[in-house]
Amino acid sequence: MRKGFRLLLWALVGILLSVAIACGGNSPELEFWTMQLQPKFTEYFNSAIAEFEANHSEVEVRWIDVPWDAMESKILSAVSAKNAPDVVNLNPNFASQLATRKAWLDLETKLTPNQKQDYLPKIWQASTLDGKSFGIPWYLTTTITIYNQERLTEAGIEQPPATYAELAQVAREVKEKTGKYAFFATVVPGDSAEVLESLVQMGVQLLDGEGNAGFNTPEGIAAFQYWVDLYQQELLPKEVLTQGHRRAIELYQAGETALLSSGAQFWQAIETNAPDIAKVSASAPQITGKTGKKNVAVMNLVIPRDTDKADAAVEFALFVTNTPNQLAFAKEASVLPSTQDAVAQLIEELEAKEETTAMETALKVSAEQLSSAEVLVPAMKNLDVLQKIIYENLQGAMLGKKTVEQAVSDAAQEWGEMG
């Protein structure tokens, strides 16, 4: 009798465990990683997550915010250990490095053409590799030119430069008439890609269709020569060889440069750190080359291939990046959305305002560039290595250690040796 009771008891325990496991299976926990968005946007995300969970009672979202400089190492470790989060906030350039290892879910199998068409076409292409989509676009920034009106007036310049050819002339006039530099553009490997992108804007093809160096051309030599001339004519600060984009911001805020190429979101920092400079500053479209191309920086959401909650992860990523949520986050963070409807609504709202703040004006300039903006350096394997090779050889030419032609040739050879 006791034996029968024990068997019945264990059977009941087994049933209860099965029910508990089944219930747990119906309430999966989605792990969502973002990059350095807490605490400023904690309220926004808590509200958005609560809305998603209210409409998806079978899903719970666990949000983890990772410091910017820790994300790459943490996600690499997590992917290698096969315990990556279900949805991750990255940028296409880094995400593409793992896409070459097939780390991300192939979204071609999960999304319809209509769903993809909600996003700006050129922006969607930034998260594709070999014709396959590995990420969903989220928020964007385009570079604008923030300029010191007083400094340009002192140099007798009425309008900020729109092209690199005009920039070279402005650099000479500002230096001659004010003794200061017009701008700062770093060539430190591993820092800003501004100079690398400028080559594309000047008509240089970085790589050919087979991944070989495409910049050992007259256009590539001319682009290298442009930056070498500016440096050797002392129209660029010496620190461009040793300090990154942060130095460009510092110099502008100190009134030591007339121009700053940066995102609209930096207006807030200038107003806080250098209110006197902010008062005499204005926003203009970004400087470009003969191609007229303008850059855009993309943040996306990717889903690890090994997730066991792929459908829920895709649904959550689409929710975070839908038009209402993109528009709300763009206003909250002073960035740009990546759905076509959200961009149109943002511009319309800014144009309808009778008075705009400096930040809003900058955001409008930034948004209006999206029609001609693209990721100038698309996702590719070893992009960081390509930038390092080009920058190091460019530095060599700037310092007079090699001719411009030799620098371009050496860079092409080094890239070729990468195999």
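Everything here concerns the structure above.
Okay, so let's go over this structure.

In this section: the pattern of salt bridges. In total, this model carries 15 salt bridges according to the counting rule given. The residue K110 makes a salt bridge to D311 at a minimum N-O spacing of 2.8 Å. Of this pair, K110 sits in the loop between α4 (92–99) and α5 (113–116) while D311 sits in helix α14 (residues 310–320); the two residues are 201 residues apart in sequence, bridging distant segments of the chain. In this structure, the salt-bridge partner of R247 is E250, at a minimum N-O distance of 3.3 Å. Here R247 and its partner E250 are both found in helix α11 (residues 245–253), three residues apart, which amounts to about one turn of the helix.

A few words on the packing of aromatic side chains. Per the counting criterion, the structure on display carries 18 aromatic pairs. Plain terms: the ring middles of F41 and F329 are 5.3 Å apart, the flat faces sit at 65 degrees to each other, and that makes the pair edge-to-face. One end of the pair, F41, is in the loop between β1 (29–35) and α2 (42–55); the other, F329, is in helix α15 (residues 323–333), with 288 residues separating them in the sequence. Here the two residues F41 and F329 agree in accessibility, since each one is buried.

The next subject is the sheet that holds strand β2 (residues 60–66). With mixed pairing, the five strands of this open sheet are ordered in space as β2-β1-β3-β11-β6. Here the strands that pair on one side only, and so sit at the sheet edges, are β2 and β6 (136–141). Direction aside, neighbouring strands of the sheet carry axes that sit 20 degrees apart on average. As paired elements, β1 and strand β3 (residues 87–90) share two bridges and run parallel to each other. Counted as the bridge partner of F32 is V87 from β3. Relative to the sheet, α4 contacts β3 and β11 (297–302), its axis offset from that of β11 by approximately 45 degrees.

Formed by 91 residues in total, the largest nonpolar core has its most connected members in F183, L206 and W227. The greatest single-element share of this core, amounting to eight residues, is contributed by helix α18 (residues 383–398). Those residues in contact with F183, other than ones at most four positions away along the chain, are L167, A171, W227, L230, L236, P237, T257 and L259. Counting residues in hydrophobic clusters, the runner-up holds 56 residues, among them M71, L90, L318 and F329.

Below, the discussion takes up the packing of α15 against helix α16 (residues 340–352). The interhelical angle for the contact between α15 and α16, taken along N-to-C directions, is 45 degrees, at an axis separation of 9 Å. As the angle between them shows, α15 and α16 are arranged oblique. For the pair α15 and α16, the crossing hand works out as right-handed. Seen from α15, the contacting residues are T323, Q326, L327 and K331; seen from α16, they are D341, A342, Q345, L346 and E349. Looking at the contact of α15 with α16, its residues break down into three nonpolar, three polar and three charged.

Residue alternation in β3 divides its side chains into two sets, V87 and N89 and V88 and L90, and both sets are buried. As defined by bridge partners, β3 adjoins β11 across three bridges and the pair is classed as antiparallel. By the bridge assignment for β11, V88 is matched with V302.

Glancing now at the pairing of β1. Within β1, six of the seven residues are buried, leaving the element largely enclosed by the surrounding structure. Direction of pairing for β1 relative to β2: parallel, over a ladder of seven bridges. Each residue of the ladder has a partner; that of T34, found in β2, is D65. In the classification by handedness, the crossover that spans β1, the intervening α2 and the parallel β2 is right-handed.

Moving on to the side chain of H56. Mapped onto the fold, H56 is located in the loop between α2 and β2. One polar contact links H56 to E315, side chain to side chain, over a distance of 2.7 Å.

Reading across from one edge, β8-β7-β9 is the order of the three strands in this open sheet, with antiparallel pairing throughout. Two strands bound the open sheet, and with one partner strand each, they are β8 (259–262) and β9 (281–285). Across the sheet, the axes of successive neighbouring strands diverge by a mean angle of 25 degrees, strand direction being ignored. Relative to β8, strand β7 (residues 144–148) is paired through four bridges, and the arrangement is antiparallel. Residue pairing in the sheet places T145 in a bridge with S261 of β8.

About the cut-offs
Chains are numbered independently. Their residues run from 1 in the order of the written sequence. With pLDDT at 70 or above as the cut-off, local features in this predicted model cover only qualifying residues; side-chain atom pairs require 80 or more to be listed or tallied, and sums for whole chains, interfaces and linings still use all residues. Side-chain metrics in this entry use all non-hydrogen atoms of the structure; hydrogen atoms and water are not considered. The salt bridge criterion pairs a side-chain nitrogen of Lys or Arg with a carboxyl oxygen of Asp or Glu, the two atoms within 4 Å. A run of H or I in DSSP becomes a helix once it reaches four residues, and a run of E becomes a strand once it reaches two; helices and strands are each numbered from the N terminus. In this analysis, rings of Phe, Tyr and Trp, with Trp reduced to its six-membered ring, are considered paired at centre separations within 6.5 Å, and the interplanar angle assigns stacked below 30 degrees, edge-to-face beyond 60, and tilted for intermediate values. Only protein chains enter the calculation, and the probe is 1.4 Å; a residue is then buried if its accessible area is under 20% of its type maximum, exposed if over 50%, and partly exposed in between. Two strands are said to pair when DSSP picks up at least two bridges between them. Only the stretch in contact is used when a helix axis is fitted, and all axes are lines through C-alpha atoms; the angle between N-to-C directions ranges over 0 to 180 degrees. Throughout, a contact is declared for two residues whenever any of their heavy atoms are within 4.5 Å. Residues belong to a common nonpolar core when they are buried Ala, Val, Leu, Ile, Met, Phe, Trp, Tyr or Cys residues joined through side-chain atoms within 4.5 Å. Each angle is binned into one of four classes, with values under 35 degrees roughly parallel, values over 145 roughly antiparallel, values of 65 to 115 roughly perpendicular, and all other values oblique. Throughout, a crossing is termed right-handed when the near helix is turned clockwise from the far one, and left-handed when it is turned anticlockwise from it by less than a right angle. Note on residue categories: nonpolar means Ala, Val, Leu, Ile, Met, Phe, Trp, Tyr, Cys or Pro, charged means Asp, Glu, Lys or Arg, and polar means any other residue, Gly included. We call a crossover right-handed when, viewed with both strands directed away from the observer, the connection leading from the first strand over the helix to the second proceeds clockwise. Here a polar contact is taken to be a pair of N or O atoms separated by no more than 3.5 Å, where protein atoms must pair a possible hydrogen donor with a possible acceptor and residues adjacent in sequence count only if both atoms sit in side chains.

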